[in-house]
Amino acid sequence: MEGRGLPSGRSDYFQTDDWDTVAFKWAAGVKRIPYDFNKRDTYIYYLSACAYPQGTVCSRRTGCILKPDLRYLRIPGKGEDAGGKLLLYRWAGQESRVSAVRPGIRMDMLVYVDLWKCPEGFAPEPCLQIDEAAWGKEQRTCGRPDGDCLSYTEFESNLMEWKRAFSGKNDFPGNQAGASVVYYDYYMGVYGNRQRIIPMADEIQSIWKRFAELDIAGAGTQIECFNLWNHLVNLYTFGRTAYDVSLSLEANLKALCRLFGEGGEWIVRAVLLMEEALDGESIIGFAGKYMIEHVDKERIYGLFDRALSAAAGETQRNNIRLLRMAFRYSEIETADSANRERKTFSRFQEYDDPSGELAYMAVHFDSFRHNDPGYGIAFPVTNTDTKDFVPDAWYAFEG
């Protein structure tokens, strides 16, 4: 489906061949278009903000629009004024067209900042899956072992409203009850968290047990190859508990900490101390900062020292160094004076970095900008001047 410019020649309008008259403006006022939510040839789809590789539309900041895909239309929701806050993306007929040819394919619809409440009269195709971000009017808090930062909140009640729209529509091939709703959660934080460690593992067990009770199909997150060590414990407990909700945090840590050989018991203690330091006091975007300001850092470093001394193998000692580096980064990044001026959602940042240690981490170990494939650890630091920083034994990798 191709878009074409209107006769006016204005590039910020277009219309498609799939509707009689559909036009909109990218940034300012949106034209009112009569719409029947029950038409089965129209698909409602919300695209993630800042989806750079796809060049799609971001309704939160016009600067995110690089190469807009003209198949996606921004239209006011029912009952809104012309400048309405709720924006829906509709992709004409794709869900029924795809299902007709490939009946086993599921299509994912992201419920995010702009599209949040389930529209009245919304009648989804069975192949559609609702993917609600844990970020509505505000990001969710995190870190409570009982899971109540997500369970029994507005996020859960809103997701269940979407689930009710699928009543009688679970005839999708292979569907089970509730297979039509999932969460888009932030076990790695968001850009505002700056890749600091967020101790959320102790809540994951409770959250996933709640998923099983409510027939919520699961969750996704943004942990990636380049930031595994920053969010290692969250990633492991998230993935393993998704397959077995009966697992405890202790069982997950026992299995995970085999990575650290004989030093594993000391890493378990360090992880549990971090988990205890965060109990729902902060939203995800600043949870790593809260943890690092409230945990007993001297005790954590002592446990890392004991782990390194105990580990017999080079690989196990290097693994301990990487996890400790993620903690060390979380501490000195949080304390850096540049954070007083930091833009919350900037992807990278230049720091004051008086010692040069942040720059040393980034240049020698960061896996996103400097070292590909690198070590699987992320430091969103633009500094490259390591100044007079002299690395100690914690930066002396073996093998």
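Comments concerning the sheet that holds strand E7 (residues 128-133)
Strand order in this open sheet of 4 strands is E6-E7-E8-E9, and the pairing throughout is parallel. Looking at the sheet topology across the chains shown, the edges are occupied by strand E6 (107-111) and strand E9 (219-220). Two elements, E6 and E7, share 5 bridges in a ladder whose sense is parallel. Residue pairing for E7: Leu110 is matched across the bridge by Asp131.

Side note on the packing of helix H9 (residues 314-335) against helix H10 (residues 357-365)
Describing two packed helices takes the angle between their axes plus the distance from one axis to the other. Across the interface, H9 lies against H10 with an axial gap of 10 Å and an inter-helix angle of 140 degrees. On the basis of the axis angle, H9 is oblique to H10. The two elements H9 and H10 meet at a crossing, and its hand is left-handed. Mapping the contact onto sequence places Met325, Arg328, Tyr329, Ile332 and Glu333 in H9 and Glu357, Leu358, Met361 and Phe365 in H10. Among the residues forming the contact of H9 with H10, the class breakdown is 6 nonpolar, no polar and 3 charged.

Some remarks on the side chain of Thr334
As for its position among the elements, Thr334 is in helix H9. Not counting residues up to four positions away in its chain, the partners in contact with Thr334 are Arg196, Lys289, Ile292, Glu293, Tyr329 and Asn339.

A short note on helix H5 (residues 249-256)
The set of residues buried in H5 consists of Leu249, Asn252, Leu253, Ala255 and Leu256. Along the axis of H5, the buried residues cluster in a sector spanning 160 degrees; they form a single face. Facing away from the buried surface of H5 by more than 90 degrees, the exposed residues are Glu250 and Lys254.

A look at helix H8 (residues 297-310)
Given a rise of 1.5 Å per residue, 14 residues ought to cover 20 Å, and the 20 Å separating the end C-alpha atoms of H8 matches this to within 8%. For H8, the complete set of buried residues consists of Ile300, Tyr301, Leu303, Phe304, Ala307 and Leu308. The arc that holds every buried residue of H8, seen down its axis, measures 155 degrees, which confines them to one face. The outward face of H8, more than 90 degrees from its buried face, is lined by the exposed residues Glu298 and Ser309. In this structure, the buried side of H8 is in contact with helix H6 (264-276) and H9.

Let's talk about unusual backbone geometry
Phi is positive for Arg194, which is not a glycine, with a value near 60 degrees. Within the secondary structure layout, Arg194 lies in the loop between strand E8 (181-184) and helix H3 (201-214). On the basis of relative accessibility, which here comes to 1%, the residue Arg194 falls in the buried class.

With respect to the confidence of the model for the protein chain
Per-residue confidence for the protein chain gives a mean pLDDT of 74, with 71% of residues at or over 70. A low-confidence stretch, residues 1-92 (pLDDT under 50), is modelled with 202 contacts involving residues beyond four sequence positions or located in other chains. Contacts from residues 172-179, a stretch scored under 50 in pLDDT, to residues over four places away or in other chains number 23 contacts.

Let's talk about the environment of Asp352
The residue Asp352 is located in the loop between H9 and H10 in this model. Each C-alpha atom, one on Asp352 and one on Asn339, is 9.0 Å from the other, the two residues being 13 residues apart in sequence. Contact partners of Asp352, with chain neighbours within four places excluded, come to Asp336, Ser337, Ala338 and Lys387. A polar contact of 3.2 Å, which involves the side chain of Asp352, links it to the backbone nitrogen of Ala338.

Description of the environment of Lys254
Within the secondary structure, Lys254 sits in helix H5. Judged by its relative accessible area of 66%, Lys254 falls in the exposed class. Each C-alpha atom, one on Lys254 and one on Glu265, is 8.1 Å from the other, the two residues being 11 residues apart in sequence.

So, the nonpolar core
Within the largest apolar cluster, 48 residues are counted, with the highest numbers of intra-cluster contacts made by Ile267, Ile320, Phe327 and Phe379. At the level of secondary structure, the elements contributing two or more residues to this core comprise helix H4 (232-243), H5, H6, helix H7 (284-294), H8, H9 and H10. The element contributing the most residues to this core is H9, with 8 residues. Among all residues touching Ile320, those that are not within four sequence positions of it are Phe260, Gly263, Ile267, Phe304, Ala307, Leu308, Ala311 and Trp394. Within the second largest apolar cluster, 42 residues are counted, among which are Met109, Ala134, Ala165 and Ile198.

What counts and how
- Within every chain, residues take consecutive numbers counted from 1 along the sequence as written.
- Selection of residues for local features in this predicted model requires a pLDDT of at least 70, selection of side-chain atom pairs for listing and counting requires 80 or more, and totals for whole chains, interfaces and linings are taken over all residues.
- Hydrogens and water molecules were not included; the side-chain quantities draw on all heavy atoms of the structure.
- Here, a strand pair is defined by DSSP locating no fewer than two bridges between the strands.
- Here a helix means four or more residues in a row that DSSP labels H or I, a strand means two or more in a row labelled E, and each is numbered from the N terminus.
- Here an axis means a line fitted to C-alpha atoms, over the contact stretch when the element is a helix, while the angle between two N-to-C directions is reported on a 0 to 180 degree scale.
- Working definition: roughly parallel below 35 degrees, roughly antiparallel above 145 degrees, roughly perpendicular at 65 to 115 degrees, and oblique for all remaining angles.
- Two helices crossing with the near one rotated counterclockwise from the far one by less than a right angle form a left-handed crossing, whereas a clockwise rotation gives a right-handed crossing.
- Note on definitions: a residue-residue contact is assigned when non-hydrogen atoms from the two residues lie within 4.5 Å.
- Classification used: nonpolar for Ala, Val, Leu, Ile, Met, Phe, Trp, Tyr, Cys and Pro, charged for Asp, Glu, Lys and Arg, polar for all others including Gly.
- Each residue is placed in one exposure class: buried if its accessible area under a 1.4 Å probe, protein chains only, is under 20% of its type's maximum, exposed if it is over 50%, and partly exposed if it falls in between.
- The arc refers to the directions leading from the helix axis to the C-beta atoms.
- Expected helix span is computed as 1.5 Å times (number of residues minus one).
- As a per-residue quantity, pLDDT reports the predictor's confidence and falls between 0 and 100.
- Think of a polar contact as two N or O atoms within 3.5 Å of one another; within protein, one of them needs to be a possible hydrogen donor and the other a possible acceptor, and neighboring residues in sequence only count if both atoms come from side chains.
- Among buried residues, those of type Ala, Val, Leu, Ile, Met, Phe, Trp, Tyr and Cys that are joined through side-chain atoms within 4.5 Å constitute a nonpolar core.

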